[in-house]
Amino acid sequence: LPQENNTIIAAIREYIMTCPFLRGGAVNIGYLGDRIEYSIDILPMTPIVKKYVGGGCQKQIGFTLTSKEAFDGDARTALDSSGFYEDFERWIEKNERYEVYPKLPEGLEPFLIEVTTCGYIFDVETDMARYQIQCRLVYEQED
């Protein structure tokens with residue numbers, strides 16, 4: 001059973017864990033180990049999008065989904081990793097279209113979730129590569 005989220009990042013993590021395209025591996029916050037796994041990392045950005053006259057505001061949080069994938073120079077391996085990020089992007093777009101959002105803490109109402117960059121190779125080690133895709137969640141906060 002999903003547990004109550006105390007933070008926005010925990011809600012985003014729980015939401016991403018429902019993605020049918022994840023290929024096993026842990027979904028961490030701010031950490032990638034040595035295995036094939038995923039991490040959700042917060043991006044620096046201005047948190048307030050719009051302030052309302054009567055109180056409350058519209059805020060945003062930017063985040064990346066980063067993964068560590070096998071990297072051997074073979075085109076099939078690269079296509080498989082890139083394909084995951086294309087599938088993930090379509091999943092986010094479909095969820096946005098049907099207003100399927102992370103379950104945020106009380107007093108916060110999700111407004112928009114979107115991908116802001118395509119998936120790309122961020123760093124390459126000997127036999128592993130770090131891929132990432134950037135996203136943002138916009139939500140309303142009551143006064």
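Use the structure listed above.
Residues numbered from 1 in each chain as written. Predicted model: local features only at pLDDT ≥ 70, side-chain atom pairs only at ≥ 80, totals over all residues. Heavy atoms only, no water.

Points about the overall build of the protein
A tally of regular secondary structure across the protein gives two helices and seven strands. The secondary structure elements of the protein, listed N-terminal to C-terminal, are α-β-β-β-β-α-β-β-β. In terms of overall dimensions, the protein is globule-like: its C-alpha atoms have a radius of gyration of 16 Å, near the 15 Å expected for 143 residues. Its C-alpha atoms give the protein principal-axis dimensions of about 55 × 30 × 25 Å. In the protein, buried positions account for 40% of the 143 residues. When contacts within the protein are restricted to residue pairs at least 6 apart in sequence, long-range pairs at least 24 apart make up 61% of them. Accessible surface for the protein amounts to roughly 8400 Å². Of this, 51% is attributable to carbon and sulfur atoms. Of the side-chain charges in the protein, 14 are positive and 24 negative, and the distance between the mean point of each set is 1 Å. (Helix = DSSP H or I, 4+ residues; strand = E, 2+ residues; numbered from the N terminus. Rg over C-alpha atoms; globule rule 2.2 N^0.38 Å. Buried < 20%, exposed > 50% of the residue type's maximum accessible area, 1.4 Å probe, protein only. Contact = heavy atoms within 4.5 Å. Areas by Shrake-Rupley, 256 points an atom, 1.4 Å probe, with all protein chains shown as cover. Lys, Arg positive; Asp, Glu negative; His and termini not counted. Charge placed at Lys NZ, Arg CZ, Asp CG, Glu CD.)

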